[in-house]
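Inside the fold
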Amino acid sequence: MQQYNPHEIEPRWQAEWERSHLNRVSEADDKPQYYALEMFPYPSGDIHLGHVRNYSIGDVISRYKRMQGFNVLHPIGWDAFGMPAENAAIKQESTPGAWTYANIDRQRASLKRLGFSYDWDRSVVTSDVEYYHWGQWIFLKLWEAGLVERRNSPVNWCPSCATVLANEQVVGEGGCWRCHTAVERKVLEQWFFKITDYAQELLDDLDSLDGWPERVRQMQANWIGRSTGAEIDFTLCDAAGEPTDEKIRVFTTRADTLFGCSFFLLAPEHPLVEDFVAGTAYEAEVRRVVKLAASATAVERSKGEREKNGAFTGRFVVNPINGEKVPIWISDYVMMDYGTGAVMAVPSGDQRDYEFARKYDLPIPPVVVAEGDPMLLLLRGNARRVMDDVPWECAYDGPGVMVQSGAFTGLPGGKDSEGAQAVIDQLALEGVGQATVNFRLRDWLISRQRYWGNPIPAIYCDVCGIVPVPQEDLPVVLPKDVDVTAGETLADRPEFYEVDCPVCGKPAHRETDTMDTFTCSSWYYLRYTDPHNKELPFARTVVDGWMPVDQYIGGIEHAILHLLYSRFFTKALRDQGLLGFDEPFTNLLTQGMVKLEGEVMSKSKGNVIAPEDMIERFGADALRVYILFMAPPDKDLDWSQESLEGIYRFLNRVWRSVFDLLGAEVVDEEGTRLSLYDTNLDEAAALERGKQLNRELHRVIGKVTADFDRFNFNTAISALMELVNATGAYLKVPLDRRDEALAREVARALVLLVAPMAPHMAEELWHVALDETGSVHLAPWPSFDPSKAIADTVELAVQLNGKVRARVVVATDASEFEVREAALAAAAALIGGRPIEKVVVVPRKLVSIVY
RNA sequence: GUCGGCGUGGCGGAACGGCAGACGCGCUAGCUUGAGGGGCUAGUGUCCGAACGGACGUGAGGGUUCAAAUCCCUCCGCCGACACCA
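Read on for a plain summary of the structure. Keep in mind the model is a prediction, meaning the values are calculated, not measured. (Residues numbered from 1 in each chain as written. Chains lettered and ligands numbered in written order. Predicted model: local features only at pLDDT ≥ 70, side-chain atom pairs only at ≥ 80, totals over all residues. Heavy atoms only, no water.)

Time to look at the overall build of chain A. Regarding its fold elements, chain A presents 26 helices and 36 strands. Across its three principal directions, the C-alpha atoms of chain A cover 115 × 90 × 50 Å. Looking at chain A residue by residue over its 851 residues, the buried ones come to 54%. Taking the intrachain contacts of chain A between residues at least 6 apart in sequence as the baseline, contacts between residues at least 24 apart amount to 72%. Summed over all atoms, the accessible surface of chain A reaches about 36,800 Å², with 50% contributed by carbon and sulfur. Distance between charge centroids for chain A: 4 Å, based on 87 positive and 125 negative side chains. (Helix = DSSP H or I, 4+ residues; strand = E, 2+ residues; numbered from the N terminus. Buried < 20%, exposed > 50% of the residue type's maximum accessible area, 1.4 Å probe, protein only. Contact = heavy atoms within 4.5 Å. Areas by Shrake-Rupley, 256 points an atom, 1.4 Å probe, with all protein chains shown as cover. Lys, Arg positive; Asp, Glu negative; His and termini not counted. Charge placed at Lys NZ, Arg CZ, Asp CG, Glu CD.)

Following this line, the structure appears as structure tokens:
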């Protein structure tokens, strides 16, 4: 018997698999298709343990499904555009491309050393022109469909990255998702994808994603943020206080509180503010508040006391429900980009309005009062306003009864209440309001003022306006010689941007912004299905065959960004007839992080464990099995070198057990014989040990299969350890008393069961120990007989009044009556003749007796 | 503040409502070895007990049930997402 030596075995089999194209997948294969996908890496440096975990999970699933007879698509690629490449290039006086492709080469080598079963022929790199060409093509398709817009909008600006950001890319307390610099608000003309057109469908279809973790669905639902309510038009008064024809529209979820509106608010950056105050006595104070709001960063706004600042504009609006004139204020807690940028303030029913009213001494008339509140006795049935202030410490926003609300008084009030509906109906009748739905989701800002990205295929012509680059002119190739170390962008390259207008032929100017990298990762999983297509991003017949992805695996950090954008792309492309399904990812597994002593590993903390070092010491198989064993895949995992050593020992045990089962002389490194036979063992005892081992074999095959189906890799490995432990007892049986067929069956099953997790070792044992032909990874998954996993007799616990007091051994197939009688007999002494109240028999588990 | 997740030995973690702590790490003892490493065997929740055995035990408290780590209620603690969303 040779020794287990991963460093010799692993590279040898990797080379052989590559030579024989073991993992190449073809649509021509008539087995059922299965698409297993892991989130592709960003080439920011070497592979880390998070990648190892992500890809080990995906690889086990892929290999397991192949052994079960599926034709498995399991691709990998690189998400290669983005800012880190530019920053690294500046630091190293290199180019983003050079840095990116060098990292990809290193990462590819690492992934190969880990033995992942990717079809390398299908690899895509998003910064390759063969890929981003089709990203531009899709952009033009979406433009045609009316889903692309260039418009002025308040946007998030990262001063450090010198670019705008999407809403989703502002993280934590108002920081840039890349560099965490506080973002600024600016009004700029930018490119948008109209993801809000799909807000309702993106929300509705979350219900159909029952293969996704509940919390991811919840996070997306919150992000989309649907609220039902009403749009209500207030009539604007002129400077003299007389009503005009002009209306200002508000959005509210609480139409039932409309009678309680005692003032009206505009966002500081609202376009009407300037007109209202210019040249008036209110101008100075209003300007002061506007300036205060603009200077506060998002970070500052979300911290501290959140003191609300405001100023009266000198103008009034008329409340459409009661004709009452209320003053227009501005305040920094009203946001321009939610709702309409204008708010009807109801201080008795909204805590923010309440605080504002207290600060500026504005009326707080109660309009919805809770059942049981003593005020209700006083106000119940009062249609007219008799009370202008509340004795409360804070606003009341729960359900209650409407008071001081004209004809609506007495109706139930609250969110989505009968009262709210009645008010909306009345407003609709008069044409001054209607029920509506508002979303928190904003359109996706996709333009970036950066070099290392996919160029936006658009041209500005003085005559024709903004025109798309004609499809036959694609790709717009990203020039390689832009010097980012000198701060250059595409806007510094006349040879790039000086073009002729494709419509009129006059000199024009090419767009120099590039697309957000998230546009690249929103459709890469589609390209994998048809990666070499030179006519289209993918052919519909091929993409519909593989998609949707059966199992997607990646980090929870993409719960909103990438997963929401990909869902949007899928729906938008579906509506263009490019594909025939509604959702990209049927099942989603969000794996936990790999930590060290409870902390996230990072270069800056200097607590990084390098996978390459671990492969060097224990081999790729041990690292893979270890990372699957340490925790369930969705939970965080704390690194433990001792446990990795334990797994290495386990693999050695598997190795020796297989050889030993096959009758080989098992020796350690020094040649010491390890297998010591129990020569006293008689024929009957040997037979009994064989029966036990056979039972354990069938139990473990069943357990591992069930655990793989549920992705409980940690308990699957436990079960394999139990099988190896059970093998230990059988290996004491001298060779001449062993059941050779059984021993071989166990050895074979062990190799097959371990193959998805430790592919190299399994392949070596398959050939060298078992003398099988063909790859173990193409062999069928072992079958099992559940009836063979059951012993002839079983020991039951006997509970007396809820506590285990006795045990009884019965035949496994004993009837309930026999079990009951046996249990009563075993417990007779303890019961002592007292009357039995109840007996519960749980087959093969226990008997519960109550007396 | 809102939403979501999680609290089990020294550690990582197991337990379709049915004998809590599988499996592994660590530790203890013995065998093997010149030593180390490795391997093998046994033990390892807490308390009482020489032992047979017994009592207690899944963040705290209550409830449902013959039976609760698991289901329900209240509370405490930790983690995460969103957060002045009208």
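So much for the structure itself; the text now carries on.
Strands sit in the order β16-β17-β18 across an open sheet of three strands; the sheet is antiparallel. In this open sheet, the two strands that pair with only one neighbour each are β16 (368-369) and β18 (412-413). With two bridges connecting them, strand β17 (residues 400-402) and β18 associate as antiparallel partners. Directly across from V401, in β18, lies its bridge partner P412. (Pairing = 2+ DSSP bridges.)

The strand order across the open sheet built from four strands is β34-β33-β36-β35, with neighbouring strands paired in mixed fashion. Pairing within the sheet leaves two strands with one partner each, and these edge strands are β34 (803-811) and β35 (838-842). Between one strand axis and the next, the sheet turns by 20° as a mean value, whatever way the strands run. Sheet topology places strand β33 (residues 793-800) next to β34; eight bridges connect them, and they run antiparallel. (Axes fitted to C-alpha atoms, helices over the stretch in contact; angles between N-to-C directions.)

Let us look at the pairing of strand β36 (residues 846-850). Of the strand pairs in this sheet, β33 and β36 are connected by four bridges, and their pairing is parallel. Note that in β36 the partner of A797 across the bridge is L846. Of the pairings in the sheet, the one linking β35 to β36 comprises five bridges and is antiparallel in character. Of the residues in β36, the one forming a bridge with V840 is S848. Adjacent in sequence and paired antiparallel, β35 and β36 are bridged by three residues, among which R844 carries a positive phi angle near 65°.

Taken together, 49 residues form the shell around RNA strand B, and within it Y338, R352, P632, M721 and R807 come nearest. Near the protein, meaning within 4 Å, the atoms of RNA strand B are sugar or phosphate in a fraction of 60%, with bases accounting for the rest. The backbone of T253 places a nitrogen or oxygen atom 2.8 Å from a sugar or linking oxygen of RNA strand B. In this structure, E795 approaches RNA strand B through a main-chain N or O atom, which is 3.4 Å from a base nitrogen. Broken down by secondary-structure element, the contributors of at least two residues to the surface near RNA strand B are α7 (214-224), β11 (243-252), α21 (641-661), α23 (713-730), β33, β34, β35 and β36. Ranked by residues supplied to the surface near RNA strand B, first place goes to α23 with six residues. (Near = heavy atom within 4 Å. Polar contact = N/O pair within 3.5 Å; in protein donor to acceptor, adjacent residues only side chain to side chain.)

Next up on the list: the state of the cysteines. For the structure on display, the rule yields zero disulfides. With no disulfide of its own, C461 has C504 as its nearest cysteine by sulfur position, at a separation of 3.5 Å. With no disulfide of its own, C501 has C461 as its nearest cysteine by sulfur position, at a separation of 3.6 Å. (Disulfide = S-S within 2.5 Å.)

With that settled, the discussion passes to the pairing of strand β12 (residues 263-266). Taking every second residue as pointing to the same face, both faces of β12 are buried, with F263 and L265 on one and F264 and L266 on the other. As judged from the four bridges shared by β12 and strand β15 (residues 342-345), these two strands associate in the antiparallel manner. Each bridged residue has a counterpart across the sheet, and for L265 the counterpart in β15 is V343. Inspection of the sheet shows β12 paired to strand β14 (residues 325-331) by three bridges, in the parallel sense. Opposite F264, over in β14, you have I328 as the bridge partner.

Turning our eyes to something else, we now look at the side chain of R315. Mapped onto the secondary structure, R315 falls in strand β13 (residues 310-318). Of the polar contacts made by the side chain of R315, one reaches the backbone oxygen of C237; its length is 3.0 Å. If sequence neighbours within four positions are ignored, R315 has contacts with L236, C237, D238, A239, F276, V326, P327 and I328.

With respect to the element layout, I615 can be found in helix α19 (residues 611-618). Along the backbone, I615 and R113 are 502 residues apart, and their C-alpha atoms lie at a distance of 8.2 Å.

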